[in-house]
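# Remarks on the overall topology
As a plain string of letters, each chain reads:
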Amino acid sequence: MTTAVLICPGRGTYTKTELGTLARHFPDAALLEEFDVQRASAGHETLSKLDSSARFSKDRHGRGDNASGLIFAASLGDAMSISQDIDIVAVTGNSMGWYTTLACAGAVTAADGFNITTTMGQMMQDHGMGGQVLYPHVGPNWQASADQKQRLLALVEDIGTRPGHVLTLSIDLGGTLVLAGDHAGLAAFESSVPQRDRFPMRLSGHAGFHSPLVAQVSEAALSHFSVSAFQQPDIPMIDGRGRIWWPHASDMNGLWDYTFGHQVTAPYDFTHAVTVAAREFAPDVFILAGPGTTLGSAVAQSLIAANWQGIASKADFQARQEAEPLLISMGREDQRALVTKGH
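First, a word on scope: everything that follows refers to the structure included in this document. Position labels on residues start from 1 in each chain and follow its written sequence. Totals for whole chains, interfaces and linings use all residues, but because this is a predicted model, local features are given only for residues with pLDDT of at least 70 and pairs of side-chain atoms are given and counted only at 80 or more. The side-chain figures draw on all heavy atoms in the structure; neither hydrogens nor water molecules are used.

### Topic: the pattern of salt bridges
When a carboxyl oxygen of Asp or Glu is within 4 Å of a side-chain nitrogen of Lys or Arg, the pair counts as a salt bridge. According to the stated counting rule, one finds eight salt bridges in the structure shown. Between Glu-45 and Arg-60 there is a salt bridge, with the nearest N and O atoms lying 2.8 Å from each other. With Glu-45 in the loop between helix H2 (29–41) and helix H3 (47–51) and Arg-60 in helix H4 (residues 58–61), the pair connects residues that are 15 residues apart, well separated along the chain. Here Lys-149 and Asp-172 are joined by a salt bridge, their closest N and O atoms 2.7 Å apart. Residue Lys-149 is located in helix H8 (residues 146–160), and its partner Asp-172 is located in strand E4 (residues 167–173); the two are separated by 23 residues in the primary sequence. A helix here means a DSSP run of H or I that spans at least four residues, while a strand means a run of E at least two residues long, and both kinds are numbered starting from the N terminus.

Laid out in structure tokens, this is it:
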């Protein structure tokens, strides 16, 4: 039996090319209807209506309350569609993907996971402050430069200590740093680094996730959600610090506190989570749930940084993918067929 680590993506992965994803791939019509009822009762557009739109709208589909629900459902649906011939030995995710991880691993029910995800998306939409910017620290071959990364982090720290400026690491995302800050902090960083293709790239519609800028959201979430929503996971989970939450041995109060506390206001180390997944569980493959495929490069870059199975560059990774895929992205129809039921 093939062993796999499942990886759940975060915000920004449901775009115009993903319209219709739920109609095409979500495997449980009754569960999707349950999600729709939950949203309709809260006065929100249903996922089915959003997913069946004639065209994609950033203002509509990209809103925190809408985007989070669409992404959660697409990822969960992909996890439910994986063949029983594949043994999921651990689950991890990036940023919002932590909420999906909880549901995929059985630490919350699908309904509770959806409620957590969409409520947090709404809270971020309503109360999230600041924004995010992306900047790479690897070259075209995806090989990490420790010096370059440390120089960038030192710059971030320097800007963050200036009066009237807020800037901090938000997500360590493979070969890219995702930074959170206020307008002054983000602008100071953007004007201090060389232009590299599209970077620095400001993310539209994103608050200063994983930073003190969203402390108000964390406080509201801790007050809103109860620890009773959590249960022992069926599958090990790897969080944004690289900590493993084991079945039958996880502290529910700790899981609740991490999910709505540290996970919201402190940096999310996706790179370390992938490294832990590789070294602790040594899977045959990594399966990236949809929607989209954009997280694939960050997974590959994280494996390169860990020198996993001797993969030390983009060329090494591409050669391995052609010979025997190590990373399977369910957002790609050709790769999806390799891991779905009925294959």
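### Quick notes on the packing of aromatic side chains
Classification of ring pairs uses Phe, Tyr and Trp, with its six-membered ring standing for Trp, and accepts pairs whose centres are within 6.5 Å; under 30 degrees between planes counts as stacked, over 60 as edge-to-face, and the remaining range as tilted. Applying the stated rule across the entire model yields ten aromatic pairs. With a centroid separation of 5.5 Å and an interplanar angle of 85 degrees, the aromatic rings of Trp-98 and Tyr-258 are classed as edge-to-face. Here Trp-98, found in helix H6 (residues 97–104), pairs with Tyr-258, found in helix H11 (residues 252–265); they are 160 residues apart in sequence, far enough to count as distant. Judged by its relative accessible area of 0%, Trp-98 falls in the buried class. Taken together through their ring pairs, the aromatic side chains of Phe-26, Phe-35, Phe-72 and Phe-114 make up a single cluster. The positively charged end of Arg-243 is found above the aromatic ring belonging to Trp-245, 3.9 Å away from the centroid. When a residue's accessible area, from a 1.4 Å probe over protein chains only, is under 20% of the maximum for its type it is buried; when over 50% it is exposed; and in between it is partly exposed. For a Lys NZ or an Arg CZ to count as sitting over a ring, it must be within 6 Å of the ring centre and within 35 degrees of the ring normal.

### Focus on helix H9 (residues 183–190)
For H9, the complete set of buried residues consists of Gly-185, Leu-186, Ala-188 and Phe-189. Along H9, the residues classed as buried sweep out an arc of 160 degrees about the axis, all on the same side. On the buried face of H9, the contacting elements are strand E3 (131–136), H8, E4, strand E5 (176–181) and strand E6 (201–203). Along the arc lie the directions from the helix axis toward the C-beta atoms. Two residues form a contact once any of their heavy atoms are found within 4.5 Å.

### Concerning the pairing of strand E2 (residues 86–93)
Among the eight residues that make up E2, seven are buried, leaving the element largely enclosed by the rest of the structure. Judged from the seven bridges that link them, strand E1 (residues 2–8) and E2 form a sheet pairing that is parallel. The residue bridging Ile-7 from the neighbouring strand is Thr-92, located in E2. By definition, two strands form a pair when at least two bridges between them are found by DSSP. Bridge analysis of E2 against strand E7 (residues 237–238) gives two bridges, and the strand direction is parallel. Bridging across to E7, Val-91 finds its partner in Met-237.

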